[in-house]
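Architecture at a glance
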Amino acid sequence: MADEVSNNRHGWWGGLAGGLVVILVGVVFLLRNLGIPLPFVGLHNWWALFILAGAVPFLAQALDSYRKAGRVDRAALHSLLVAGAMLLVAAMFLLDLDWGVWWPLFVIYGGLWTMAGVGKRRRHTG
(Lines give C-alpha, C1' and ligand atoms only; values in the text may rest on other atoms or scores of the structure.)
Protein backbone atom coordinates (compact mmCIF):
# COMPACT_ATOMS: atom_id res chain seq x y z
CA MET A 1 0.00 0.00 0.00
CA ALA A 2 2.82 2.40 0.85
CA ASP A 3 4.44 1.65 -2.52
CA GLU A 4 1.20 2.56 -4.31
CA VAL A 5 1.04 5.88 -2.47
CA SER A 6 4.70 6.55 -3.28
CA ASN A 7 4.21 5.71 -6.96
CA ASN A 8 1.09 7.89 -7.15
CA ARG A 9 2.96 10.79 -5.57
CA HIS A 10 5.78 10.51 -8.12
CA GLY A 11 3.22 10.23 -10.91
CA TRP A 12 1.50 13.29 -9.52
CA TRP A 13 4.76 15.29 -9.56
CA GLY A 14 5.48 14.20 -13.12
CA GLY A 15 1.97 15.11 -14.24
CA LEU A 16 2.11 18.43 -12.44
CA ALA A 17 5.50 19.35 -13.92
CA GLY A 18 4.47 18.23 -17.41
CA GLY A 19 1.23 20.17 -17.22
CA LEU A 20 2.99 23.29 -15.97
CA VAL A 21 5.50 23.12 -18.82
CA VAL A 22 2.70 22.86 -21.40
CA ILE A 23 0.83 25.76 -19.78
CA LEU A 24 4.03 27.82 -19.69
CA VAL A 25 4.66 27.18 -23.39
CA GLY A 26 1.12 28.30 -24.20
CA VAL A 27 1.44 31.45 -22.08
CA VAL A 28 4.77 32.35 -23.71
CA PHE A 29 3.34 32.01 -27.21
CA LEU A 30 0.17 33.90 -26.28
CA LEU A 31 2.15 36.78 -24.78
CA ARG A 32 4.39 36.90 -27.87
CA ASN A 33 1.30 36.99 -30.13
CA LEU A 34 -0.11 39.86 -28.06
CA GLY A 35 3.13 41.81 -28.57
CA ILE A 36 4.16 41.70 -24.92
CA PRO A 37 7.96 41.68 -24.72
CA LEU A 38 9.48 38.81 -22.76
CA PRO A 39 13.12 39.33 -21.77
CA PHE A 40 14.10 35.66 -21.88
CA VAL A 41 12.61 35.17 -25.35
CA GLY A 42 15.36 37.47 -26.58
CA LEU A 43 17.76 34.67 -25.73
CA HIS A 44 18.55 32.81 -28.86
CA ASN A 45 18.12 29.46 -27.07
CA TRP A 46 15.19 30.46 -24.84
CA TRP A 47 13.56 27.09 -25.50
CA ALA A 48 16.29 25.48 -23.36
CA LEU A 49 14.38 26.83 -20.34
CA PHE A 50 11.99 23.92 -20.92
CA ILE A 51 14.87 21.47 -20.53
CA LEU A 52 15.64 23.26 -17.28
CA ALA A 53 12.02 22.89 -16.19
CA GLY A 54 12.22 19.16 -16.90
CA ALA A 55 14.71 18.81 -14.04
CA VAL A 56 12.13 19.96 -11.47
CA PRO A 57 10.32 16.61 -11.04
CA PHE A 58 13.64 14.82 -10.53
CA LEU A 59 14.71 17.36 -7.91
CA ALA A 60 11.33 16.88 -6.20
CA GLN A 61 11.82 13.09 -6.26
CA ALA A 62 15.30 13.49 -4.76
CA LEU A 63 13.89 15.63 -1.96
CA ASP A 64 11.09 13.13 -1.34
CA SER A 65 13.56 10.22 -1.20
CA TYR A 66 15.81 12.18 1.15
CA ARG A 67 12.93 12.97 3.49
CA LYS A 68 11.80 9.33 3.58
CA ALA A 69 15.26 7.85 4.15
CA GLY A 70 16.67 10.70 6.25
CA ARG A 71 19.79 10.58 4.08
CA VAL A 72 20.84 10.67 0.44
CA ASP A 73 20.03 7.10 -0.58
CA ARG A 74 20.33 5.41 -3.97
CA ALA A 75 16.96 6.73 -5.18
CA ALA A 76 17.78 10.30 -4.17
CA LEU A 77 21.20 10.09 -5.79
CA HIS A 78 19.70 8.71 -9.01
CA SER A 79 17.20 11.58 -9.18
CA LEU A 80 19.93 14.14 -8.45
CA LEU A 81 22.18 12.76 -11.18
CA VAL A 82 19.37 12.80 -13.74
CA ALA A 83 18.47 16.37 -12.78
CA GLY A 84 22.15 17.32 -12.92
CA ALA A 85 22.46 16.04 -16.48
CA MET A 86 19.40 18.02 -17.52
CA LEU A 87 20.71 21.15 -15.80
CA LEU A 88 24.06 20.73 -17.53
CA VAL A 89 22.50 20.40 -20.98
CA ALA A 90 20.22 23.40 -20.37
CA ALA A 91 23.16 25.49 -19.15
CA MET A 92 25.18 24.57 -22.24
CA PHE A 93 22.42 25.91 -24.48
CA LEU A 94 21.43 28.94 -22.37
CA LEU A 95 25.00 30.14 -21.89
CA ASP A 96 25.96 29.35 -25.50
CA LEU A 97 28.87 27.26 -24.31
CA ASP A 98 30.99 25.59 -26.97
CA TRP A 99 30.25 21.84 -26.90
CA GLY A 100 33.69 21.24 -28.40
CA VAL A 101 35.28 22.76 -25.29
CA TRP A 102 32.92 21.59 -22.55
CA TRP A 103 32.18 17.98 -23.64
CA PRO A 104 34.54 16.55 -20.97
CA LEU A 105 31.93 17.57 -18.37
CA PHE A 106 29.83 14.67 -19.65
CA VAL A 107 32.76 12.29 -19.18
CA ILE A 108 33.11 13.57 -15.61
CA TYR A 109 29.36 13.07 -15.17
CA GLY A 110 29.73 9.49 -16.40
CA GLY A 111 32.42 8.94 -13.78
CA LEU A 112 30.15 10.30 -11.05
CA TRP A 113 27.36 8.01 -12.26
CA THR A 114 29.72 5.02 -12.17
CA MET A 115 31.05 5.89 -8.70
CA ALA A 116 27.53 6.28 -7.36
CA GLY A 117 26.60 2.85 -8.68
CA VAL A 118 23.01 3.91 -9.22
CA GLY A 119 22.74 1.92 -12.44
CA LYS A 120 23.63 -1.36 -10.76
CA ARG A 121 20.91 -3.75 -9.72
CA ARG A 122 21.13 -5.41 -6.38
CA ARG A 123 21.22 -9.18 -6.40
CA HIS A 124 18.63 -10.86 -4.30
CA THR A 125 19.82 -13.97 -2.54
CA GLY A 126 17.47 -16.61 -1.34
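What comes next concerns the included structure. None of the values given here were measured: they were computed from a predicted structure. (Residues numbered from 1 in each chain as written. Predicted model: local features only at pLDDT ≥ 70, side-chain atom pairs only at ≥ 80, totals over all residues. Heavy atoms only, no water.)

Quick look at the packing of helix α3 (residues 56-69) against helix α4 (residues 74-94)
Viewed as axis vectors pointing N to C, α3 and α4 meet at an angle of 160°, and their least axial separation amounts to 8 Å. As judged from the angle between their axes, α3 and α4 are roughly antiparallel. In this structure, α3 meets α4 at a crossing whose hand is left-handed. On α4, the residues that touch Phe58, Leu59, Gln61, Ala62, Ser65 and Tyr66 of α3 are Ala75, Ala76, Ser79, Leu80, Val82, Ala83 and Met86. Within the contact of α3 with α4, the residues separate by chemical class into 10 nonpolar, three polar and no charged. (Axes fitted to C-alpha atoms, helices over the stretch in contact; angles between N-to-C directions. Helix = DSSP H or I, 4+ residues; strand = E, 2+ residues; numbered from the N terminus. Parallel < 35°, antiparallel > 145°, perpendicular 65-115°, else oblique. Left-handed = near helix turned anticlockwise from the far one by under 90°. Contact = heavy atoms within 4.5 Å. Nonpolar A, V, L, I, M, F, W, Y, C, P; charged D, E, K, R; others polar.)

Describing the packing of α4 against helix α6 (residues 104-116)
At their nearest, the axes of α4 and α6 sit 11 Å apart, and the two run at 175° to each other. Between α4 and α6, the interaxial angle falls into the category roughly antiparallel. Contacts between α4 and α6 involve Leu77, His78, Leu81, Val82, Ala85, Leu88 and Val89 on the former and, on the latter, Leu105, Phe106, Tyr109, Leu112, Trp113 and Ala116. Of the residues in the contact of α4 with α6, the class split is 12 nonpolar, one polar and no charged.

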